[in-house]
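Here is what each chain is made of, one letter per residue.
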Amino acid sequence: MLNYTLRRLMFSIPVLLFISFIIFLILDLAPSDPTGNLPLTIPPEVREKIRESLGLGQPMPVRYYKWCVQFFVNEPLNIWDQYWGTCSFGCEDRLRVVSYVTRSPVVDLIVQRMPQTLWVVGMSYVVGILIAIPIGVISAYKQYSWFDQTGTFVSMVGFSVPPFFSGVLVIIIFSVQLGWFPSIYDTTLKVVSWDTFMLQVRQMVMPVMVLALQTTAQISRFMRASMLDNLNQDYVRTARAKGMKESVVLLVHVLRNSLIPVITVIALGIPAVFGGAIITEQVFKVNGIGQLLIIGIQGGDAPLVQTLTFIFAVMIVMANLVADIMYGILDPRIRYD
Amino acid sequence: MTDTATTTKTEAPRSQWADVWDQFRTHRGAMIGAAFFVFICLLVTFGPMLWTLEPNYIDIRAKNQGPSMAHPFGTDQLGRDTFAQVLAGGRVSLLVGVTAMLLALFLGTLVGVVAGYFKRLDSPLMRLTDLFLALPILPLLLVIIMLFRDTLRAAFGPETGIFILVVSVIGITSWMHTARIVRGDVLSLKEQEFVLAARSIGTPSRRMILRHILPNVMSPIMVSATLGIATAIITESAISFLGLGFPSDFPTWGRLLSDSTNFMTLNPERVIWPGLAISLTVLSVNYIGDGLRDALDPRIRGR
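About the cut-offs
Residues numbered from 1 in each chain as written. Chains lettered and ligands numbered in written order. Predicted model: local features only at pLDDT ≥ 70, side-chain atom pairs only at ≥ 80, totals over all residues. Heavy atoms only, no water. Helix = DSSP H or I, 4+ residues; strand = E, 2+ residues; numbered from the N terminus. Buried < 20%, exposed > 50% of the residue type's maximum accessible area, 1.4 Å probe, protein only. Contact = heavy atoms within 4.5 Å. Areas by Shrake-Rupley, 256 points an atom, 1.4 Å probe, with all protein chains shown as cover. Lys, Arg positive; Asp, Glu negative; His and termini not counted. Charge placed at Lys NZ, Arg CZ, Asp CG, Glu CD. Patch = residues over 30% accessible without salt bridge, like charges linked within 9 Å, V, L, I, M, F, W, Y side chains within 5 Å. Salt bridge = Lys/Arg side-chain N within 4 Å of Asp/Glu carboxyl O. Buried area = accessible area lost by both parts, 1.4 Å probe. Polar contact = N/O pair within 3.5 Å; in protein donor to acceptor, adjacent residues only side chain to side chain. Nonpolar A, V, L, I, M, F, W, Y, C, P; charged D, E, K, R; others polar. Expected span 1.5 Å × (residues − 1). pLDDT = per-residue confidence, 0-100. Phe/Tyr/Trp six-rings, centres within 6.5 Å; stacked < 30°, edge-to-face > 60°. Axes fitted to C-alpha atoms, helices over the stretch in contact; angles between N-to-C directions. Left-handed = near helix turned anticlockwise from the far one by under 90°.

For chain B, the helix and strand inventory stands at 13 helices and zero strands. Ordering the α and β elements of chain B from the N terminus gives α-α-α-α-α-α-α-α-α-α-α-α-α. Once the C-alpha set of chain B is aligned to its principal axes, its extents read approximately 75 × 50 × 30 Å. Burial analysis of chain B (303 residues in total) assigns 50% to the buried set. In chain B, the share of contacts with a sequence separation of at least 24, taken over all contacts with a separation of at least 6, comes to 69%.

Written out as structure tokens, the structure reads:
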């Protein structure tokens, strides 16, 4: 198992390097000009100077190499130094990945935006899973009952309704018509007292609801299918024949075995939820990393877009890795060697 | 068993597709979905001929109206008729969905069949598929569209350029699942005896693939076709919603939805129509896919 994990980790390094190169190539081939948003009164030679100061004068392989050094060496060292308050390997003149538009290090921008995204996206994922698992269990146990039929229909709807419609719909219902929740997520809110805590909860309800609907739709289907696979197995009959209570059979024997494939699906779904959050953040005006990406794309901010897209890619590769390894750990029948 | 065998001997042999159709008909959701999808297709194709109001005709005196006889879905902030716009937008959205699906299907089938049939190409092509699966699709889509749209607009005109860009980008980023499924099926087909028989009489690879392999992998391809339409419509709408798709005077469902969110408090029902159109179309397509999967599965068929 350790051998397999190490091999997969080693293999993910060239994959990630290749992906970062593709992203870099796409951004580089594009006819986008970082000085395009500057005032038209700037003369062309000054414009050229600005481009050179952004590091655009050098050939593409050199710039890609420099981005790699900045992202893979300098940024981790910087995080290390900031965390421990040290200054190792010449921290003063260390080059960092700097945004064209804001002129601040990209990683700092991402660190600022991360908590909002993590709160909204992470919370919705947890809520979605917590709702989905009981629905899947009951649907499978009472197959073809009205509960199962309703669950199937609702999850079909959850698959089909895109978040930019369900989000707008809940805004119309709960904030325009009923006025229960604010439609714009206020990230400046600090939770210091009970009232601010309630405000925070109220502004999180709608985005979490929208994202959780999608998560629930997917995971409850997987849970149901996995439960159905296990309910007909011999060990379930044996457990019943031993005279165990139905609740023990269902919730201990069957549930634990059915959760194995579902957990890998949950791990695989994490990057997709972050991707979907790009739209949800736009609907509810949450200034998380999704919105940062949109701003970066619109402003032609190549370092920011490069870094953020690459972080998404890292998440996907890591989620795949974690899913495969967890499958092997949880299910001893699976052997990778 | 023997009774039925003797009675059916006189009848004409039933084709596989008749069985599939019989099974498909028993799936109620799939039938409703298929009926609705046909209805939507007919509506957006022939609707603009019956509802002759121009989608871009500006009648500023009739702005922000609710539903009425003259404008059944109301009007927008410039007095354009929402019903005409939804019809025109549906044409674009469905066309994008179907074309992108065809492109993705073509790529996926090509890669899947080649990887499954030619052993030497299997490993590199599957590594390529894994690589594409690891790409963050939505961010890359946005990046590519934002960066290349001006070039393509200049080359093909504003609407056609964006159409080509959106369709090709969605197609190129969504063929991977089809390729994987098709490869798996081709691998198992290759071991069967009829393939061995065909090879033993000297069938060349090209005819082998077209005559023997492709017809037998049609069922997974058809199921992924329906799912492909659904994802392509949602992706196109998402791109339009984020303001990176077609130009704003060129209605698509996502574009209409995104434009009407700014008038949510003033005119909330305007948001409903394009959103409902997207959701119901995707829902119906998903149900068709569900029914097809059941109908094409020989283990379920005939029960």
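Of the regular secondary structure elements, chain A holds 11 helices and zero strands. Per-residue burial over chain A gives 46% buried out of 337 residues. Residue pairs at least 24 apart in sequence account for 69% of intrachain contacts in chain A once pairs closer than 6 positions are excluded. Taken as a whole, chain A presents about 17600 Å² of accessible surface, with 68% of it coming from carbon and sulfur. Each charge sign in chain A was given a centre, from 24 positive and 21 negative side chains, and these centres are 9 Å apart.

Glancing now at a nonpolar patch on the surface. Residue and element names in this part refer to chain A. Judged by side-chain polarity, Met10, Ile13, Leu17, Phe72 and Val73 come together as a nonpolar surface patch covering roughly 460 Å² of accessible area. Examining the composition of the nonpolar patch, we find that three residues originate from one element, helix H1 (residues 2–29), more than from any other. With respect to the helices and strands, Ile13 occurs in helix H1. Under the relative-accessibility criterion, Ile13 is labelled partly exposed at 48%.

Take the interface of chain B and chain A next. On the chain A side, the residues contacting the 37 residues of chain B number 42 residues. Interface of chain B and chain A: buried area, both sides summed, is about 3400 Å²; carbon and sulfur atoms make up 87% of it. Among the residues of chain B in contact with chain A, Leu131, Leu147 and Leu242 of chain B are the three that bury the most area, contributing 16% of the side total. The interface formed by chain B and chain A includes one residue pair in polar contact (both at pLDDT 80 or more). Those elements giving two or more residues to the side of chain B that touches chain A turn out to be helix H5 (119–134), helix H6 (137–156), helix H11 (218–241) and helix H13 (269–296) of chain B. Per-element tally for the side of chain B that touches chain A: the top contributor is H13 of chain B, with 11 residues. Taken together, the residues of the side of chain B that touches chain A break down into 28 nonpolar, seven polar and two charged.

Residue and element names in this part refer to chain B. Counted by the stated rule, this structure contains 10 salt bridges over all chains. Asp22 is paired through a salt bridge with Arg25; the nearest N and O atoms lie 3.0 Å apart. With a gap of three residues between them, Asp22 and Arg25 both fall in helix H2 (residues 16–26), about one helical turn apart. By relative accessible area, which is 32% here, Asp22 ends up partly exposed. One salt-bridge network, held together by shared partners, links Arg127, Asp130 and Arg180.

Attention now moves to unusual backbone geometry. A negative phi angle characterises most non-glycine residues, just as the trans form characterises most peptide bonds. Residue and element names in this part refer to chain A. Of note, Tyr144 is a non-glycine position whose phi angle comes to about 65°, a positive value. Relative accessible area serves as the criterion here: at 61%, Tyr144 is assigned to the exposed category. The residue Lys285 is not glycine, and still its phi comes out positive at about 55°.

Moving on, we get to helix H6 (residues 163–177) of chain A. For an α-helix the count is 3.6 residues per turn, leaving residues at separations of three or four pointing the same way. Across its 15 residues, H6 of chain A extends 20 Å between first and last C-alpha, which sits within 8% of the 21 Å expected from 1.5 Å per residue. Within H6 of chain A, 11 of the 15 residues are buried, which leaves the element mostly enclosed by the surrounding structure. Those residues of H6 of chain A lying buried are Pro163, Phe164, Phe165, Ser166, Gly167, Val168, Val170, Ile171, Ile172, Phe174 and Ser175 of chain A. Those residues of H6 of chain A that are buried are in contact with helix H7 (194–231) and helix H9 (246–284) of chain A together with H11, helix H12 (253–260) and H13 of chain B. Residue Gly179 of chain A follows H6 of chain A closely and has a positive phi angle near 70°.

In this section: the confidence of the model for chain B. Residue and element names in this part refer to chain B. In this model, chain B carries an average pLDDT of 82, and 92% of its residues clear a pLDDT of 70 or more. The low-confidence segment residues 1–8, where pLDDT is below 50, has zero contacts with residues more than four positions distant or belonging to other chains. On the interface metric, ipTM, the complex scores 0.80, and its pTM is 0.83.

What characterises a pair of aromatic rings is the spacing of the ring centres plus the angle enclosed by the ring planes. Scanning the model with the defined rule gives 18 aromatic pairs over all chains in all. Taken together, Trp67, Phe71, Phe72 and Phe310 of chain A form an aromatic cluster joined through their ring pairs.

Residue and element names in this part refer to chain B. Structurally, Glu236 is set in helix H11. For the buried Glu236, no salt bridge exists, and the shortest N-O distance to an oppositely charged side chain is 8.6 Å, to Arg255. Sequence-distant contacts of Glu236, that is, excluding residues within four places in its chain, are made with Ser93, Val96, Val166, Ile170, Phe246 and Thr252.

Let us look at helix H8 (residues 176–190) of chain B. With 15 residues, H8 of chain B extends 21 Å between its outermost C-alpha atoms, agreeing within 8% with the 21 Å of an ideal straight helix rising 1.5 Å per residue. In the core, the buried residues of H8 of chain B are packed alongside helix H4 (82–117), H5, H6, helix H9 (193–200), helix H10 (205–213) and H11 of chain B.

Residues and elements named next belong to chain B. Put simply, H5 and H8 touch, their axes get as near as 10 Å, and they point 145° apart. Pair H5 / H8 crosses with left-handed handedness. Along its contact with H5, which presents Asp122, Met126, Thr129, Asp130, Phe132 and Leu133, the element H8 presents Met176, His177, Arg180 and Arg183. For the contact of H5 with H8, the per-class residue count stands at four nonpolar, two polar and four charged.

Take the confidence of the model for chain A next. Scored by pLDDT, chain A comes out at a mean of 82, with 93% of its residues at no less than 70. Per-element confidence in chain A ranges from a low mean pLDDT of 77 for helix H2 (residues 44–53) of chain A to a high of 89 for helix H8 (residues 234–241) of chain A.

Turning our attention to the side chain of Ser175 of chain A. Residue and element names in this part refer to chain A. You can see Ser175 is positioned in helix H6. Residue class for Ser175 comes out buried when judged on its relative accessible area of 16%. Once residues lying within four places of it in the same chain are set aside, the contact partners of Ser175 are Val170, Phe181, Pro182, Ser183 and Met206.

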